[in-house]
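Survey of secondary and tertiary structure
Here is how the chains run, residue by residue.
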Amino acid sequence: DSGSVAVALVMVVLLMTFIFSALDNVVTVVHAEGGADVGQWPRLFLALSGVAAGFLFDIKDQRFMNQMMYCVTVLSVIEFGGAFIIGLIVFYLAAGFFVVYFTTGFTNVSYGMRWSALWSGAGRAVNNIGAGIVGIISYMLIDSPGIMVMSVVVILLLVLISIACLKIYRRDNIDDMMKKK
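As the structure is a prediction and not an experimental result, all values here were calculated from the model.

1. Topic: the side chain of Ser 49
- Looking at the secondary structure, you find Ser 49 in helix H2 (residues 43–57).
- Taking relative accessible area as the criterion, Ser 49 reaches 2% and is therefore assigned buried.
- Of note is the side chain of Ser 49, whose polar atom sits 3.1 Å from the backbone oxygen of Leu 46.
- A distance of 2.9 Å separates a polar atom in the side chain of Ser 49 from the backbone oxygen of Leu 93.
- Ignoring sequence-local partners within four residues, the contact set of Ser 49 consists of Tyr 92, Leu 93, Gly 96 and Phe 97.

2. Here's the deal with the nonpolar core
- Ranked by internal contacts, the top residues of the largest apolar core, which has 43 residues, are Val 13, Met 16, Phe 57, Met 69, Phe 98, Tyr 101 and Phe 106.
- Looking at this core element by element, the count peaks at 13 residues for helix H1 (residues 2–32).
- In contact with Phe 57, not counting residues within four places along its chain, are Gln 62, Met 65, Met 68, Met 69, Phe 97, Val 100 and Tyr 101.

3. Considerations on the packing of H2 against helix H4 (residues 84–110)
- Interhelical geometry of H2 versus H4 gives an angle of 45° and a closest axis separation of 7 Å. Considered as vectors, H2 and H4 are oriented oblique to each other. For H2 against H4, the interelement crossing comes out right-handed. Across from Arg 43, Phe 45, Leu 46, Ser 49, Gly 50, Ala 52, Ala 53, Gly 54, Leu 56 and Phe 57 in H2, the residues of H4 making contact are Ile 89, Tyr 92, Leu 93, Ala 95, Gly 96, Phe 97, Val 100 and Tyr 101.
- Of the residues assigned to the contact of H2 with H4, the class counts are 13 nonpolar, 4 polar and 1 charged.

4. Description of the environment of Gly 135
- When you line up the elements, Gly 135 lands in helix H6 (residues 122–143).
- Distance in space between the C-alpha atoms of Gly 135 and Asn 25 is 7.4 Å, their sequence separation being 110 residues.

5. Observations regarding the packing of H1 against H4
- Put simply, H1 and H4 touch, their axes get as near as 10 Å, and they point 155° apart. What the angle tells us is that H1 and H4 run roughly antiparallel. Like other packed secondary-structure pairs, H1 and H4 cross with a definite hand, here left-handed.
- In the contact of H1 with H4, the residues fall into 21 nonpolar, 3 polar and 1 charged.

6. A short note on the packing of aromatic side chains
- Within this structure, the stated rule accounts for 6 aromatic pairs.
- Ring centres 5.1 Å apart and planes at 75° place the aromatic pair Phe 98 and Phe 102 in the edge-to-face group. Residue Phe 98 and its partner Phe 102 are both found in helix H4; the two are separated by 4 residues, about one turn of the helix. Judged on exposure class, the residue Phe 98 and its partner Phe 102 are both buried.
- An aromatic cluster is present here, built from Phe 20, Phe 98 and Phe 102 joined pairwise through their rings.

7. Some words on H2
- Taking 1.5 Å of rise per residue, 15 residues should cover 21 Å, and H2 covers 21 Å from first to last C-alpha, within 8% of that figure.
- Listing the buried residues of H2 in full gives Ser 49, Gly 50, Ala 53 and Phe 57. The buried side chains of H2 occupy one side of the element, clustering within an arc of 110° when seen end-on. Opposite the buried face of H2, at more than 90 degrees from it, the exposed residues are Leu 44, Ala 47, Leu 48 and Phe 55.

Rules used throughout
Residues numbered from 1 in each chain as written. Predicted model: local features only at pLDDT ≥ 70, side-chain atom pairs only at ≥ 80, totals over all residues. Heavy atoms only, no water. Helix = DSSP H or I, 4+ residues; strand = E, 2+ residues; numbered from the N terminus. Buried < 20%, exposed > 50% of the residue type's maximum accessible area, 1.4 Å probe, protein only. Polar contact = N/O pair within 3.5 Å; in protein donor to acceptor, adjacent residues only side chain to side chain. Contact = heavy atoms within 4.5 Å. Core = buried A, V, L, I, M, F, W, Y, C linked by side-chain atoms within 4.5 Å. Axes fitted to C-alpha atoms, helices over the stretch in contact; angles between N-to-C directions. Parallel < 35°, antiparallel > 145°, perpendicular 65-115°, else oblique. Left-handed = near helix turned anticlockwise from the far one by under 90°. Nonpolar A, V, L, I, M, F, W, Y, C, P; charged D, E, K, R; others polar. Phe/Tyr/Trp six-rings, centres within 6.5 Å; stacked < 30°, edge-to-face > 60°. Expected span 1.5 Å × (residues − 1). Arc of directions from axis to C-beta.

And the structure:
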């Protein structure tokens, strides 16, 4: 039913927000401490990736949207040999996909919900709530010695995202099978 898909989508967006908000915090800390000047031009990748996500997510009526977003999320946490500028570009590319993902996902879910107007805009609310929650936690992770703690947290988040995405994907497939009957 739409309610269980909505709950799974809330979980996916919340968990992905933890990752993207933490990455944003890393960028902010590096910039604020003078480690690198982020400037404005990398943000162009955010806009370009949003447009690209719109086209890519629409392939086969959004059948692969969840899988694509999962792959983009995994790619966003890969270390690129310490090259900050490459990591920054990858982050902005992934963030553009993420914005389109949660906007589209919640708009789609809203059609089957009782208060559709509320659900259509819930993606931004869930994203902002998640960013607020993870702000302090992500700074503690960034500041923690060694990479082990951060690696374990990222792997745990990816596993939980996988489980929630599977729920959405299975529900979509069941809906498709019912339409064919």
